[in-house]
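# Structure assessment
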Protein chains: 2
Amino acid sequence: MSTTATGSTASRREQILSAAAELFARYGFHGVGIDDIGAAVGVSGPALYRHFRSKDAMLAEMLTGISDKLLSGGRGHVENAADAATALEELVGWHVEFALTNPALITVHLRDLDSLCEADRRRVRELQRGYVEVWVTALRAVRDDLDEHTARACAHAVLGLINSTPHSAHLDAATMSTLLRRMALDALGIPRTPPEGLHGR
Amino acid sequence: MSTTATGSTASRREQILSAAAELFARYGFHGVGIDDIGAAVGVSGPALYRHFRSKDAMLAEMLTGISDKLLSGGRGHVENAADAATALEELVGWHVEFALTNPALITVHLRDLDSLCEADRRRVRELQRGYVEVWVTALRAVRDDLDEHTARACAHAVLGLINSTPHSAHLDAATMSTLLRRMALDALGIPRTPPEGLHGR
DNA sequence: TCGACGGGTTAGTCATCGTTAACACAGTGA
DNA sequence: TCACTGTGTTAACGATGACTAACCCGTCGA
C-alpha cells in the first residue's frame, strides 16, 4: 500500500534506475554491486532481475534514456525558437538546466559509456552525435565564420564546460545557472544580448 | 640488451604506468585486468608485482603524479609571469598544452579518482584543490569583481572546458590549442589581448 | 474460492580477477 | 666459481560478484 500508490510497474523501474544512477555516478559502474542497487531501493539483491534482464541492461536503458531526452529536448528548443540567436541561447539554457538538475546522469553518461556492449554503445553514440549536430547547426546559424569541424570542436568544449558542473562545488542553483549560461555564450563568441528594455522574464 | 639501454628500473615503471594509463582511459580502472596491463608492455600478468605493490598502487602513483605535475607546473608558470594578466594567460596555455598532450591522463584523473583508497584519494584531492586555488588567485588578480566562490566555479568550469579535449574529435593540435585558449579566456571574461605590435613569439 | 501472476526471498553456481607461491635464469661482484 | 639480485614464468588460491534456482505470498479477475 505504501509504494503502490500510482503506477507501480513503470515507476518501479524509474525508481531503480534513479538509484542506480546515483550509485554509478559515485562509484562507477564496475564499482557498484547488484546488492548495492537493491539495498538502495529497499529490496535485496536479485529482486532486480524481475525488472531488468541484467546489470548491463540497466546501464543501457539509463544511457539511451539520457541521450534520447537530450536529443529530443534540444531539437524541441531549437525548433520553437524565434530566430537563430535565441535558438542557441535556448539550447545553452536548456542544457545548463539539465546538467544542474541531473548531475548523476551527466556523470554516468560521461564516465561509463564504454562499459556498454558494442551494440548499445553504438546506439548511444549515435544519439550523442545527433545532439552535437543540433549544437553545430545552431551555432553555425549564428557564427557563419566557423567551418563545420571548428564548430563541432566548439560545441564539444562548451558541453564540457557545462557538464563539469557535477564536479564543482557549486553556488546555489540560480546563480550557477546564470553564471554557466554567460560563460558558455562568451566561450562561443556570442555577443552579449543587449538588455534592450526589461520585459517580463 | 633490447630494453636495457638507459635506466632500466626507473623507465620500466614509467613505461608500465603509461601503458596502464592508456588502458584505464579506454576501459576504466575496473575494466582493465592485471593481465591486460602486462600484455601491453610485453610481459604477462603477475610480473608487474615486481614493480608495484598492487594494482591500486599503480593508480595511486599515476594520479598523484599527474596532480603533482599540474600543481607545480601551474605554480611555476604563474610565478614566472610578468603581470597578472599574462599569468592567467600562461596558466590557460599551459593547461591546454597539458590536456592536448596527455589525454589519457586527463581522462583517468577525471574518471577513476574514486577508485582510490581513502588515504590516497585525500592526497590527490588535496593537490587538486591546491591547483584550483592557483587558478582562483590568478583569476581574481585580473577580475577583482569576482568573489572567491564565483571565481572557483569559473575555474572549475573552464577546466571542464579544456579537459573535454579527450572526448572531442579534434582538429590538428595547433588549431585546437589556439581555439581552446581563446574560448577559455572568453569564458573567463578576459578582454582579448590586443595584438599591439608583433613581437618575436 | 481459487488459480495465475507480479514481485520478493535465500541459497547456490560459476567466472573473473587480484594476488601469492614456487620456480627459472641471466648478469654481476667477491 | 658461486651466491645474490632483479626480473620473468606458470600454477594455484580466495574473494568478489553477476546471475539462476527454488520457493513464498498478496492480490485480483473469473
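None of the values given here were measured: they were computed from a predicted structure.

Calculation criteria
Residues numbered from 1 in each chain as written. Chains lettered and ligands numbered in written order. Predicted model: local features only at pLDDT ≥ 70, side-chain atom pairs only at ≥ 80, totals over all residues. Heavy atoms only, no water. Helix = DSSP H or I, 4+ residues; strand = E, 2+ residues; numbered from the N terminus. Buried < 20%, exposed > 50% of the residue type's maximum accessible area, 1.4 Å probe, protein only. Contact = heavy atoms within 4.5 Å. Areas by Shrake-Rupley, 256 points an atom, 1.4 Å probe, with all protein chains shown as cover. Buried area = accessible area lost by both parts, 1.4 Å probe. Salt bridge = Lys/Arg side-chain N within 4 Å of Asp/Glu carboxyl O. Polar contact = N/O pair within 3.5 Å; in protein donor to acceptor, adjacent residues only side chain to side chain. Nonpolar A, V, L, I, M, F, W, Y, C, P; charged D, E, K, R; others polar. pLDDT = per-residue confidence, 0-100. Near = heavy atom within 4 Å.

### Here's the deal with the overall build of chain A
On a plain count of helices and strands, chain A comes out with eight helices and zero strands. In chain A, the order of α-helices and β-strands from amino to carboxyl end is α-α-α-α-α-α-α-α. Summarising its shape, the C-alpha atoms of chain A cover approximately 55 × 40 × 30 Å along the three principal directions. Residue burial in chain A is summarised as follows: out of 201 residues, 48% are buried. In chain A, of all internal contacts separated by at least 6 residues, the share reaching a separation of at least 24 is 67%. For chain A, the accessible surface area stands at approximately 10,200 Å², while carbon and sulfur atoms represent 53% of it.

### Side note on the interface of chain A and chain B
Contact residues are listed per partner, giving 28 residues for chain A and 28 residues for chain B. Summing the contributions of chain A and of chain B, the shared interface buries around 2,300 Å²; its carbon and sulfur component is 66%. Seen at the junction of chain A and chain B, the total is two salt bridges. The tally of links from chain A across to chain B stands at three residue pairs in polar contact (both at pLDDT 80 or more). At the level of elements, helix H7 (148-163) and helix H8 (173-187) of chain A are the ones that each hand at least two residues to the side of chain A that touches chain B. Per-element tally for the side of chain A that touches chain B: the top contributor is H7 of chain A, with nine residues. Within the side of chain A that touches chain B, the residues separate by chemical class into 13 nonpolar, nine polar and six charged.

### Thoughts on the confidence of the model for chain A
Across chain A, the average pLDDT comes to 91, with 91% of residues at 70 or higher. Across residues 1-7 of chain A, confidence stays below pLDDT 50; counting only partners more than four residues off in sequence or on other chains, it has one contact.

### Some details on the protein's contact with DNA strand D
As a matter of local geometry, DNA strand D sits amid 17 residues, with Ile34, Tyr49 and Lys55 of chain A together with Arg50 and His51 of chain B nearest to it. Backbone atoms, meaning sugar and phosphate, make up 51% of the atoms of DNA strand D lying within 4 Å of the protein. Interatomic distance of 2.7 Å between a side-chain N/O atom of Tyr49 of chain A and a phosphate oxygen of DNA strand D. Residue Ser44 of chain B places a main-chain N or O atom 3.0 Å away from a phosphate oxygen belonging to DNA strand D. Those elements that place two or more of their residues in the surface near DNA strand D are helix H3 (55-79) of chain A together with helix H1 (8-27) of chain B. For the surface near DNA strand D, the per-class residue count stands at seven nonpolar, five polar and five charged.

### A closer look at the protein's contact with DNA strand C
Taken together, 17 residues lie near DNA strand C, and Arg50 and His51 of chain A together with Ile34, Tyr49 and Lys55 of chain B sit nearest. Near the protein, meaning within 4 Å, the atoms of DNA strand C are sugar or phosphate in a fraction of 53%, with bases accounting for the rest. Within the backbone of Val32 of chain B, an N or O atom sits 3.3 Å from a phosphate oxygen of DNA strand C. Ile34 of chain B places a main-chain nitrogen or oxygen 2.8 Å from a phosphate oxygen of DNA strand C.

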